[in-house]
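# Architecture at a glance
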Amino acid sequence: MAEEFIRDYLTGQKLPDSDMERLRQRVVRFLVEEKGYAKEDIESRQVFQIPVEDRIVTVTIDFLIKLQGKRLVLVQCYPTALITREKYTLACARLIEDYQIPFIAITDGFEAEVFEVPSGKLIGKDLKAIPDKVSLEKMLPELRLLPLNEERRIKERRILAAFDLLRCPCRQKSCSFNPSACA
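These remarks concern the structure in this document. These numbers come from a predicted model, not from an experiment. The residue count restarts for each chain, going from 1 along the sequence in the order it is written. Owing to the predicted nature of the model, reporting of local features is limited to residues with pLDDT of at least 70; listing and counting of side-chain atom pairs is limited to 80 or more, with chain, interface and lining totals taken over all residues. Hydrogens are left out, water is left out, and the side-chain values use all remaining heavy atoms of the structure.

### Considering the overall build of the protein chain
Which entries qualify depends on this criterion: Strands are runs of DSSP state E lasting at least two residues, helices are runs of H or I lasting at least four, and both sets are numbered from the N terminus onward. Relative accessibility decides the category of a residue: with a 1.4 Å probe and only protein chains considered, values under 20% of the type maximum give buried, values over 50% give exposed, and everything between is partly exposed. The contact rule is simple, with two residues in contact once any of their heavy atoms fall within 4.5 Å. In these tables, accessible area is a Shrake-Rupley quantity obtained with a 1.4 Å probe, and a residue counts as shielded only by the protein chains included in the view.
When you go through the protein chain residue by residue, the secondary structure sums to 4 helices and 8 strands. In the protein chain, the succession of helices and strands from N to C terminus is β-β-α-β-β-β-α-β-β-β-α-α. Within the protein chain, the fraction of its 183 residues that count as buried is 45%. Restricting to contacts in the protein chain with at least 6 residues of sequence separation, those with at least 24 account for 52%. For the protein chain, the computed accessible surface area is about 10500 Å², with 52% contributed by carbon and sulfur atoms.

### Regarding the sheet that holds strand S6 (residues 103–107)
Operational definition: Pairing between two strands requires that DSSP report at least two bridges joining them. Working convention: axes come from line fits to C-alpha atoms, limited for helices to the stretch in contact. Angles between N-to-C directions cover 0 to 180 degrees.
With respect to topology, 6 strands assemble into an open sheet ordered S3-S4-S5-S6-S7-S8, the strand pairing being mixed. Of all strands in the sheet, those with a lone pairing partner are strand S3 (42–52) and strand S8 (121–124), marking the two edges. Each neighbouring strand pair of the sheet contributes to a mean axis angle of 35°, computed without reference to strand direction. Inspection of the sheet shows strand S5 (residues 70–77) paired to S6 by 5 bridges, in the parallel sense. In the strand pairing of S6, Val73 is matched with Phe103. Docked against the sheet, helix H2 (residues 86–95) engages S3, strand S4 (55–67), S5, S6 and strand S7 (112–116), running at close to 145° with respect to S6.

### Notes on the packing of aromatic side chains
The following threshold applies: Two rings from Phe, Tyr or Trp (for Trp, the six-membered ring) form a pair when their centres are within 6.5 Å of each other. A pair whose planes differ by under 30 degrees is stacked, one over 60 is edge-to-face, and the rest are tilted. A ring is scored as having a charge over it whenever the NZ atom of a lysine or the CZ atom of an arginine sits within 6 Å of its centre and within 35 degrees of its normal.
Taken as a whole and judged by the stated rule, the model has 1 aromatic pair. Against the face of Phe5 rests Lys14, its NZ or CZ located 4.7 Å from the ring centre. The ring of Tyr9 has Lys39 sitting right over it, with the charged end atom 4.6 Å from the ring centre.

Take a look at the structure:
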């Protein structure tokens, strides 16, 4: 059977079709068509290497909204259980830049949780709570891009490491959670 493909909304590239990819495409289309971001304002599938004690944790971010050269909103897509992803996604937003990305949105494409990152405060519980481009541009002069102190940075790295250990080590398209199959 031939593998099916889906067109990437941002780039037009053909990508393997999957439930997760359909979710990502729904979200990015929403960001452009409903929230007013230009395709050029959105970075997708950015991979970061975060040092955590004696190893490197690889983090892939679904979408980063960037205005005036600064990443301001991190958007992560998850098919289920948004509440279980809060700490991990906040840690990502606190570590991938030399400042804390001000906002995160965790979404399944239908619902969302939106947080103000430095405080960790939940500021909205639906897709409408994701800041639109006009609102974010108005916020820009007042937004403080706060660094994270070293003590807090260590704690956030440990959160990433804990979540990394919970992921299946084989990181394949499908997994049986059979440790011997992952070797």
